[in-house]
Amino acid sequence: SASDAGGATCAIAPGAIGAAHQAAYSSGYLRSGCPDTPARNSPYMWPLKWAADYESHSMPAYTDEVVFHAKGRTYYALDKNWKRSDTVYQKGVLRTIGQSPCSEEDIDPDFAEKGLLGCWKNQTDYMTTMLHLGNMMYFLSYRDNVTDALRPGETDPSKIDECTSIDLAVIGNIRPDWFLDKRGDDTDVQYLGNQHVYYSDENRTSIPKLVKQWRKKDFASQYFVMSMMGNPPNRLENNATDNIPVEDTLHWPLILNIPGEGFGDDQLQVYRNHALLTDDDDDLFTLVQRYEAMGGVCGNARGGDDDASDIGPPVLEEEAYIPSDLEVDPNSWVSNEYTFSPVWQVPTQEMGDDNDDGGGDDAASAAASSGKATTRVSDRLTVQSCHDTATNTIDLSFHFHDIAPSSTTALLPWMAIGYRSSDVCAMTPLEGGSTPLVLVATPPNESAPTVYKTELPPEAKSMSSEAFATMYANMVPLEDVEGDVVYGDVVLESALLADPTAAARASSPFGGEDDVVSLRYRQSLDEDSAPDAMYLMYAIGMSSELGIHETRGCFELVSFPVCMTDGEDAVQVEIDGNNSDGERENGEEGADASSSGMVTARAASALSSAVIAMAVFGVMV
């Protein structure tokens, strides 16, 4: 597994998962600090090796009623990409994805009707264990005749009764600086500063505590609130620095507010009785390894083959979306990345650079020269569009930014444009069926990418090898497609390609940039006029082989000016890629043209991709 593969240190997971998680193949965070990270050596990072008792309460939106209560102790070895959680008490209904296996008789039927998981718990006199080691998550139960002797931190594998597991693909453990920076996709951070709160200590007594707080926005446009200890114990002892335990110098995690992320209830979690761990405590995390060495087997928690199991989130219909009291409010949200790192320099922004996601000036000049509307979807994609009335086609150019060939194969990653059937941001239609794709890919045994038309089947969301084989088999060169919609003038250009011609590079507004791949084609129309909107999505793969994507987003094209000749005016379109308006990301509409002639649309960047589901923090934090 990735947990013992000795992978790259400090690597974060792809896309929106990386906003909070290490990559599964990473061997962990460096004790000396991860270079070129905004929170390197920050005193407010979580320690790499630590443990604490936890207590959590779950509340549905719009009420303070507690519907679920849990207690236990959690352990981290984030320098090795390991976590363990021993649960000693659970009562109520836990409504979230990413939770431990639930027996059929305990499933909440009302929640199940919505395609979600709610599980009734009544664990009051026994212990269960969850281990997350690299890409693998394990769930352990213990034999009845030793239950009374069990305590959090049990290391005797002979006491295990049953072990099940889930392969989390690219999702590793939480990264210790997850709440401090805004790395990853579809995320943001807001440092809030100091606040006094009432904190429930080890004796369940409420005492005043100074905390420093950060908000962390997620892919669902909801946010976490992390409250870190403001005054370590040694500060209360006249700042003594000699002969004091290192634990008394640390800013410990105290309180974590967790949103339901559209799949369940919000949670409030308190950490108590903190302690540092060392390498001598590694036997806490090797329990499964020693159990398997005794002949024990950890079966698949989902049943069947992992390839056939959906490791993505359920695609929510409107009525299935679970509201949260931690939705981003545009009236209160301000992007503010401040980490207290002693080495990180906060980037300075020149006057006039506000909201420049990369390629802004180039996009504007491109619009001026080509007559196309220019839509800046994100810092990874810029799109140009216009309506050629002479041929009744839509002229489209997609410019993928920050593209790099593989260091091992020298091949470019796959890139795709998907045609959604509605304004709902979903990889495949809610009503079933496949999503048409324009795919830039390098077929097996080839060395250069080509532009194809294919279909994205629902099974691809579960990383099914058969689904990817079907996608390869169904690929047709884009300009050879026949049917109601045909394509022409297909051009793929980049300085990264083996022999880009000077003419081809000159035709792209980003032709002088070494990390941009530009795709242009014309698409025929059924009607005599341009569409009101085109519902699209994009993705950039982690490698040349079809599989996990590095980033993905949904967007709409709403402006199709008549393709103009050189020198005529053009339209520029901007997309709010942060989508921080607090509204749901499914089904958002593009805005109308304003009186100034600037057209604005909202990017629906919800990540309904494979793999992201397990990043829900109910189990993962």
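Residues numbered from 1 in each chain as written. Predicted model: local features only at pLDDT ≥ 70, side-chain atom pairs only at ≥ 80, totals over all residues. Heavy atoms only, no water.

Using the criterion set out here, one finds 5 disulfides in the structure. Put simply, C102 and C119 are joined by a disulfide, and their sulfur atoms are 2.1 Å apart. Because the sign of the S-S torsion sets the handedness, a value of about 90° for the bond joining C102 and C119 places this disulfide among the right-handed ones. Of this pair, C102 sits in the loop between β4 (82-95) and α1 (109-112) while C119 sits in strand β5 (residues 118-123), placing them 17 residues apart in sequence. Sulfur-sulfur distance for the disulfide between C163 and C298 comes to 1.9 Å. Measuring handedness by torsion sign, the sulfur bridge of C163 and C298 sits at about 95° and is right-handed. On the criterion of sequence distance, the pair formed by C163 in strand β8 (residues 160-167) and C298 in strand β15 (residues 298-300) is long-range, its members being 135 residues apart. Considered together, C163 and C298 belong to a single accessibility category, that of buried residues. In the protein chain, numbering the disulfide-bonded cysteines from first to last in sequence yields the connectivity 1-2, 3-4, 5-6, 7-10, 8-9. (Disulfide = S-S within 2.5 Å. Helix = DSSP H or I, 4+ residues; strand = E, 2+ residues; numbered from the N terminus. Buried < 20%, exposed > 50% of the residue type's maximum accessible area, 1.4 Å probe, protein only.)

The predicted model of the protein chain has a mean per-residue pLDDT of 81, with 78% of residues at 70 or higher. Taken together, the stretch residues 305-318 has pLDDT below 50 and engages in 50 contacts with residues farther than four places along the chain or on a different chain. This stretch, residues 566-619, has a pLDDT under 50; its non-local contacts, to residues over four places away or in other chains, come to 182 contacts. (pLDDT = per-residue confidence, 0-100. Contact = heavy atoms within 4.5 Å.)

What follows covers the environment of S26. Residue position: S26 is located in the loop between β1 (21-23) and β2 (49-59). Residue S26 is classed as buried on the basis of its relative accessible area, which comes to 0%. Separated by 108 residues in the primary sequence, S26 and G134 have C-alpha atoms spaced 7.3 Å apart.

We now examine the side chain of T428. Relative to the assigned elements, T428 resides in the loop between β19 (415-419) and β20 (435-441). The class of T428 is buried, set by a relative accessible area of 4%. Contact partners of T428, with chain neighbours within four places excluded, come to G433, T435, L456, P457, P458 and K461.

On the surface, D484, D526, E527 and D528 cluster together into a patch of negative charge. Look at D526 and you get exposed, because its relative accessible area is 60%. (Patch = residues over 30% accessible without salt bridge, like charges linked within 9 Å, V, L, I, M, F, W, Y side chains within 5 Å. Areas by Shrake-Rupley, 256 points an atom, 1.4 Å probe, with all protein chains shown as cover. Salt bridge = Lys/Arg side-chain N within 4 Å of Asp/Glu carboxyl O. Lys, Arg positive; Asp, Glu negative; His and termini not counted. Charge placed at Lys NZ, Arg CZ, Asp CG, Glu CD.)

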